[in-house]
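Listed below, chain by chain, are the residues.
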Amino acid sequence: MNSTIQCMNRVPELKAALTSYSHNAKRDGIDVMSHNLSVAANHIFSELDKNTEAVSPSKLLEMMRAKYPTFAEQENNVYRQQDAEECWSGLLNAFSEAFASEASEPTTDQMKEIFGIELVSRSKCAENGAGRLKTQSVKLLRCPITDGMNHLDEVLEHTLRTGDSMYEKDSEINELPRYFTIQLGRMWDEMQNRLTKKFDKVSHPLQLDLYGHCSDEMKLKLQAAREVAESGALGSSYMDIDQFDSTVPKKQLTGIYNLVAVVTHKGPTANLGHYVAWVKQANETWIQFSDDMTSTHEDSEILELSGGADDQHVAYIYLYKAQLI
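Predicted, not measured: the structure shown is a model, and the values here were computed from it.

Enquirer: Explain the environment of Ile30 to me, please; I cannot follow it from the model alone.
Expert: Mapped onto the elements, Ile30 comes out in the loop between helix 2 (12-20) and helix 3 (32-50). In sequence terms Ile30 and Ala98 are 68 residues apart; their C-alpha atoms lie 6.7 Å from each other.

Enquirer: How should I be thinking about the pattern of salt bridges in this particular structure?
Expert: Any two side chains of opposite charge can pair, given that their charged atoms come close. Considering all chains together, one arrives at 16 salt bridges under this definition. Between Arg178 and Glu13 there is a salt bridge, and its shortest N-O distance comes to 2.8 Å. Of this pair, Arg178 sits in the loop between strand 6 (167-175) and strand 7 (179-185) while Glu13 sits in helix 2, and the two are 165 residues apart along the sequence. Here Arg178 falls in the buried class, since its relative accessible area comes to 16%. On the accessibility criterion, Glu13 (6% relative accessible area) is buried. Asp299 is paired through a salt bridge with Lys280; the nearest N and O atoms lie 4.0 Å apart. Residue Asp299 is found in helix 9 (residues 299-303), and its partner Lys280 is found in strand 12 (residues 272-280); the two are separated by 19 residues along the sequence. The class of Asp299 is partly exposed, set by a relative accessible area of 25%.

Scoring rules and cut-offs
- Residue indices follow the written sequence of each chain, beginning from 1 at its first position.
- Restriction of local features to residues with pLDDT of at least 70 applies here, the model being predicted, together with a cutoff of 80 or more for giving and counting side-chain atom pairs; totals for whole chains, interfaces and linings are based on all residues.
- As a rule here, side-chain values come from all non-hydrogen atoms in the structure, and water together with hydrogens is ignored.
- For helices the rule is a DSSP run of H or I covering at least 4 residues; for strands it is a run of E covering at least 2, with both sets numbered from the N terminus onward.
- Salt bridges are counted wherever a side-chain nitrogen of Lys or Arg sits within 4 Å of a carboxyl oxygen of Asp or Glu.
- Exposure classes here rest on a 1.4 Å probe applied to the protein chains alone. A residue is buried below 20% of its type maximum, exposed above 50%, and partly exposed in between.

Keep in mind that these numbers describe shape and distance, not what the molecule does.
Spelled out as structure tokens, the structure:
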């Protein structure tokens, strides 16, 4: 939970949405547990912004376990270790449900604008050549690790282009969010369909260009902004990694994203170990959040979180922020 919250604390748009969310639970159509979890999360983010000392997340944990009983499971009177991605996705889903209850339109979803990735997939049946088109929206892209893939961009390409024994798949990104979140499939063996811990070395860039993974429609939307970026005619807001002001006109996506937070796991198995957050600061340094302990790090150390051994921190969740103009 700490690693997840510390990374989400790097998203001012999310905190602004939670701050503006109504704390009145007596409304029609409200999911009470999602409401309570959203209010508790807003309180934690507020406390983190005001304090330099550790903050107790007891209320947030209570609401998390009420909404998702899995997080209250015990074994031999000890709480089981839970997956950071499940915590991440659970929180975002609860926020979406809470915000939807007070939206002016049923389709309004602030979480989609901040985190939503729309994928369009074209599949062709290997047996008869019949095709099908599918569109889906996710807030986090799950990418299995495949033998021979040693770079995040290769893993992304393989995830989008690989089908199964029945269908050949070709997926493209049709809509990009302000924040692009990737979960690397380190805790699950796709081939054997079982829980495991993968230590494969997968390098990741500090800057990720998603243009080549986009649909023609999305590329067209990005083109003008990319031409401005490539010309070098950029203002001081180009990087825009810290500030968020809802009164400023919406800026244009370029398809280029900068790494601003990473969740890593250190331990011998998927059921044992420790999750840690690494979060980029305005001064370009990184802070590691390990429970209530912090330490300062440089870009070069973040690039080393690529895996390779069971005694190392290995990157599990990446949070990339859009570079806008």
